[in-house]
Amino acid sequence: MLRDSQFGNGPWYPATPMQQGLWVLDRDEALRPTQLVPSVVEFTGAVDHRLLLSAVRRAIGRHPSLRARFRLDLKHRRVEYSTHGEPGEAGFLDAAAEGWTQDEIDRLVRALCSTPFDLATEAPARAEVIRTGPDRTLLVITSHHIVFDGLSRTMLLEEIFTLYRAGLAGVEPALSDPAHPASVVATPSAEDVASQVEEVVARLRGAPTEVPLPFERSGATGDASMLGTTLTTHLDPQRTAGAVAVATEEGCTTFMLGVALLAGTLARRSTQRDFLIAFAWPGRDHPDAADVIGMFITTVVLRVSLEPATTWRELLGNARISSMEAFMDSDVPLDAISAELNPGRNALWPPLTPVLLNLDDAPHTPELAPGVTGRLRPLDPMYIKYDLALFVRLEDGAEGRRLELSLDYPADVEDHSTVSAFLSDLRRSAADLATSPEETVLEQSVDAIDLDDPAQRLDLVRSIWQEVLQSDDFDDDVSFFESGGDSLLLVMLVERLSQASGRMLRTVDLFRSATVSGQADLLAAPAAGSQASAAPATGRSGMLDAARNRRTAEEAV
């Protein structure tokens, strides 16, 4: 296997087709923040910040991809990269000792996560260790997607944690020398690529490149149109088990189950029956690429359709076949396919469909060391490429496995409750698949709840109150606690109302709206969206100054 040292001090390697496409997208100012892969890990417990910083610097300095610089070779009409540059900046900030406010810390984290890289002059990775309190530490790592994919993030974090634990133990960890990404990339011939493109185009041709979305956007342009937010719900363990069992009988993975749920729900809400859905393929077909940090992922588009008489079981079969066909052609350049199928497109991205589906397998609770717990924090701001992205995840809990459905969507939608309603429809589709797999997809279950109807909302809340309180002796305008409820029952009420409505409710919301009528109104309220803006400062020192200087300017007003 080739190693970075074998390439000499200054060779340039041709970028992969996917990297070249990402380099082009990075030329668009509005899309540049969407090309970043940020991670914010919050640790609780006693952290040795010197050791953690050392582990971070060593990890990001070891991997050739994270030292890359890119250029356009006009003579050969291609994008190239070199990996002999210096690694990116990694710093330590004792925000607690220096008196940083929470707002200042949040602004710095936003800047670290959303400030673009200059791919020609900067290493495409940066990190900051931030002490925010006696037992609170943030680790912020941001890389550019052109050299970093989802699996790379998992590997880099695990390597940092391994180095940290070895430092605590005073031993040298057993780490293999990182392979150079150019040594594990196969380059097919132009003839082979042309043949594959022809096959994929033939399979996808005729499908609409638009999908009726469950919301209207406010018409924002520029950076604002790239800002997104997230809404998540869960299926209860019993229905999760039912849905997974039916999917398994049809030879379907969790991803294929998600394909069926998304296509079926979109079909239920519109007259469209033929859908193109994008997804990310790991792209690590070379056996030596499994543990290489780099950008190997490819964007693939599958086609799934249904007829008026298609049952949920049959739709699962369709999803399996369409997914397998797409997997087989996962290395075909998407740009070449979109040029054939959608030549009149007026935007760089997305090229064929506004809808994405992915399997969410990222670790949500990373482990740094004994006595130190970690969690991945939600990103703020969050940037999106697709108008609607569904992430499916099977999550183990005390009561059993639950199917998690998470939607990323634009923050500038006119009515966030329409997205919540779509998430509720996805839950209903999953429940129908689990309990009635032989029923037709377009035949909606009789217990469907229209949350736009005030009477149905009231009936739903009343029925959940009766279930939780085991009584119907209450009035619509009398407090839950006055009707026999307590704090434990309130938590149960939150869980059941969230499950039944598809709305993600908080205990504090139901505490403040403690009556049947108040909670019925709460189910109709739009979900809050994140509208944070990215900070323009570049470089570590610039971001540190900008985060603090903004407070000075605000105090002067």
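Just so you know, these numbers come straight off a predicted model, no measurement behind them.

**Student:** Can you walk me through the nonpolar core in this structure?
**Tutor:** The nonpolar side chains of a soluble globular protein tend to be buried with one another. Formed by 69 residues in total, the largest nonpolar core has its most connected members in F43, L52, F70, L156, I160 and L368. Not counting residues up to four positions away in its chain, the partners in contact with F43 are L52, D135, R136, T137, L139, F161, L368, V372, T373 and G374. F255, L266, V304 and V355 belong to the second-largest nonpolar core, a separate cluster that totals 49 residues.

**Student:** For this particular structure, what's the right way to read the pairing of strand 3 (residues 69-73)?
**Tutor:** Taken residue by residue, a regular strand's side chains alternate between the two faces of the sheet. Looking at chain direction, strand 3 and strand 4 (residues 78-82) are connected through five bridges and run antiparallel. Across the sheet, residue D73 finds its bridge partner in strand 4, namely R78.

**Student:** Hey, could you run me through the sheet that holds strand 2 (residues 36-44) in this one?
**Tutor:** Sheet strands associate in pairs through backbone hydrogen bonding, adopting either a parallel or an antiparallel arrangement. Read from one edge of the open sheet, six strands run 5-6-7-2-13-12, paired in mixed fashion. Either end of the sheet is taken by a strand with one partner, and the two such strands are strand 5 (90-94) and strand 12 (367-369). Within this sheet the neighbouring strands show an average axis-to-axis angle of 20°, counted without direction. Sheet strands touched by helix 2 (residues 49-62): strand 2, strand 5, strand 6 (125-133), strand 7 (136-144) and strand 12. Its angle to strand 5, the strand with the most contacts, is close to 160°. Across the sheet, helix 5 (residues 150-169) touches strand 2, strand 7 and strand 12, and the angle it forms with strand 12 is around 15°.

**Student:** Is there a simple way to explain the pairing of strand 16 (residues 400-410) in this structure?
**Tutor:** By the criterion of burial, strand 16 is predominantly enclosed, with eight of the eleven residues buried. Pairing of strand 8 (residues 227-234) with strand 16 involves seven bridges; the strand directions are antiparallel. Its bridge partner lying in strand 16, T229 is registered against Y409. One ladder, built from nine bridges, connects strand 15 (residues 388-397) with strand 16; its direction is antiparallel. Pairing of R393 across the sheet is with E404, part of strand 16. Here strand 15 folds back onto strand 16, and the loop between the two strands holds two residues.

**Student:** Is there a simple way to explain the confidence of the model for the protein chain in this structure?
**Tutor:** Low pLDDT means the predicted coordinates in that region are not meant to be read closely. Taken residue by residue, the protein chain gives an average pLDDT of 87. The fraction at 70 or more is 91%. The element-level mean pLDDT for the protein chain is lowest in helix 16 (residues 540-556), coming to 67, with strand 5 highest at 98. Every residue in residues 1-8 scores below 50 in pLDDT, and together they form 18 contacts with partners more than four places removed in sequence or on other chains. Confidence drops under pLDDT 50 across residues 527-535; counting only partners more than four residues distant or on other chains, this segment forms 24 contacts.

**Student:** Quick question: what am I supposed to make of a negative patch on the surface here?
**Tutor:** A grouping of E216, E414, D415 and D452 is seen on the molecular surface, where their side chains present a negatively charged patch. Inspection of the secondary structure puts D415 in the loop between strand 16 and helix 11 (416-435). The exposure class of D415 is partly exposed, given its relative accessible area of 33%.

**Student:** What is the right way to look at the sheet that holds strand 1 (residues 13-14) in this model?
**Tutor:** In space, the three strands of this open sheet follow the order 1-4-3, with antiparallel pairing throughout. Strands at the two margins of the open sheet, each flanked by one partner only, are strand 1 and strand 3. Sitting on the sheet, helix 1 (residues 17-25) touches strand 3 and strand 4, and the angle it makes with strand 4 is about 100°.

**Student:** Can you help me understand helix 7 (residues 237-249) in this one?
**Tutor:** Owing to its 3.6 residues per turn, the α-helix aligns residues three or four sequence positions apart on the same side. For helix 7, spanning 13 residues, the distance from its first C-alpha to its last is 18 Å, which sits close to the expected 18 Å at 1.5 Å a residue. Among all positions in helix 7, only P237, T240, G242, A243, V244, V246 and A247 are buried. The inward-facing, buried residues of helix 7 contact helix 8 (254-268), helix 9 (312-328), strand 15, strand 16 and helix 11. Where helix 7 begins, the side chain of D236 points an oxygen toward the backbone nitrogen of Q238, at a separation of 3.1 Å. Once helix 7 finishes, G251 follows within two positions and takes phi at roughly 70°, a positive value.

**Student:** Got a minute to help me understand the packing of aromatic side chains in this structure?
**Tutor:** Centre-to-centre distance and the angle between the planes together describe a pair of aromatic rings. As enumerated under the stated definition, the model contains twelve aromatic pairs in all. Look at F481 and F511: their rings are 5.7 Å apart centre to centre, the planes differ by 65°, and that puts the pair in the edge-to-face class. Of the two residues, F481 sits in the loop between helix 12 (454-469) and helix 13 (487-501) while F511 sits in helix 14 (residues 507-512), which places them 30 residues apart along the sequence. Taking the relative accessible area as the measure of exposure, F511 reaches 53% and is therefore exposed. Here the guanidinium or amino end of R27 rests over the ring plane of W23, the centre of that ring lying 4.3 Å away. Over the ring of F117 we find R126, and its NZ or CZ is 4.3 Å from the ring centre.

**Student:** Could you clarify how one ought to interpret the side chain of N342 in this entry?
**Tutor:** As for its position among the elements, N342 is in the loop between helix 10 (334-341) and strand 11 (355-359). Here N342 falls in the buried class, since its relative accessible area comes to 18%. Contact partners of N342, with chain neighbours within four places excluded, come to T209, P351 and L352.

**Student:** What am I meant to see in the environment of A411 here?
**Tutor:** With respect to the element layout, A411 can be found in the loop between strand 16 and helix 11. A411 sits 183 residues away from G228 along the chain, and the two C-alpha atoms are 4.5 Å apart.

**Student:** In this structure, what is going on with the pattern of salt bridges? I would like to understand it.
**Tutor:** Close approach of charged atoms allows side chains of opposite charge to pair. Evaluation of the coordinates by the stated rule reveals 29 salt bridges. Linking E159 and R62 is a salt bridge whose minimum nitrogen-to-oxygen distance equals 2.8 Å. Taken as a pair, E159 in helix 5 and R62 in helix 2 lie far apart in primary sequence, 97 residues in all. The residues E159 and R62 share a single accessibility class, namely buried. Here D425 and R428 are joined by a salt bridge, their closest N and O atoms 2.8 Å apart. With D425 and R428 both in helix 11 and three residues apart, this pair spans about one turn of that helix.

How each quantity is defined
Residues numbered from 1 in each chain as written. Predicted model: local features only at pLDDT ≥ 70, side-chain atom pairs only at ≥ 80, totals over all residues. Heavy atoms only, no water. Core = buried A, V, L, I, M, F, W, Y, C linked by side-chain atoms within 4.5 Å. Buried < 20%, exposed > 50% of the residue type's maximum accessible area, 1.4 Å probe, protein only. Contact = heavy atoms within 4.5 Å. Pairing = 2+ DSSP bridges. Helix = DSSP H or I, 4+ residues; strand = E, 2+ residues; numbered from the N terminus. Axes fitted to C-alpha atoms, helices over the stretch in contact; angles between N-to-C directions. pLDDT = per-residue confidence, 0-100. Patch = residues over 30% accessible without salt bridge, like charges linked within 9 Å, V, L, I, M, F, W, Y side chains within 5 Å. Areas by Shrake-Rupley, 256 points an atom, 1.4 Å probe, with all protein chains shown as cover. Salt bridge = Lys/Arg side-chain N within 4 Å of Asp/Glu carboxyl O. Lys, Arg positive; Asp, Glu negative; His and termini not counted. Charge placed at Lys NZ, Arg CZ, Asp CG, Glu CD. Expected span 1.5 Å × (residues − 1). Polar contact = N/O pair within 3.5 Å; in protein donor to acceptor, adjacent residues only side chain to side chain. Phe/Tyr/Trp six-rings, centres within 6.5 Å; stacked < 30°, edge-to-face > 60°. Lys NZ or Arg CZ within 6 Å of the ring centre and 35° of its normal.

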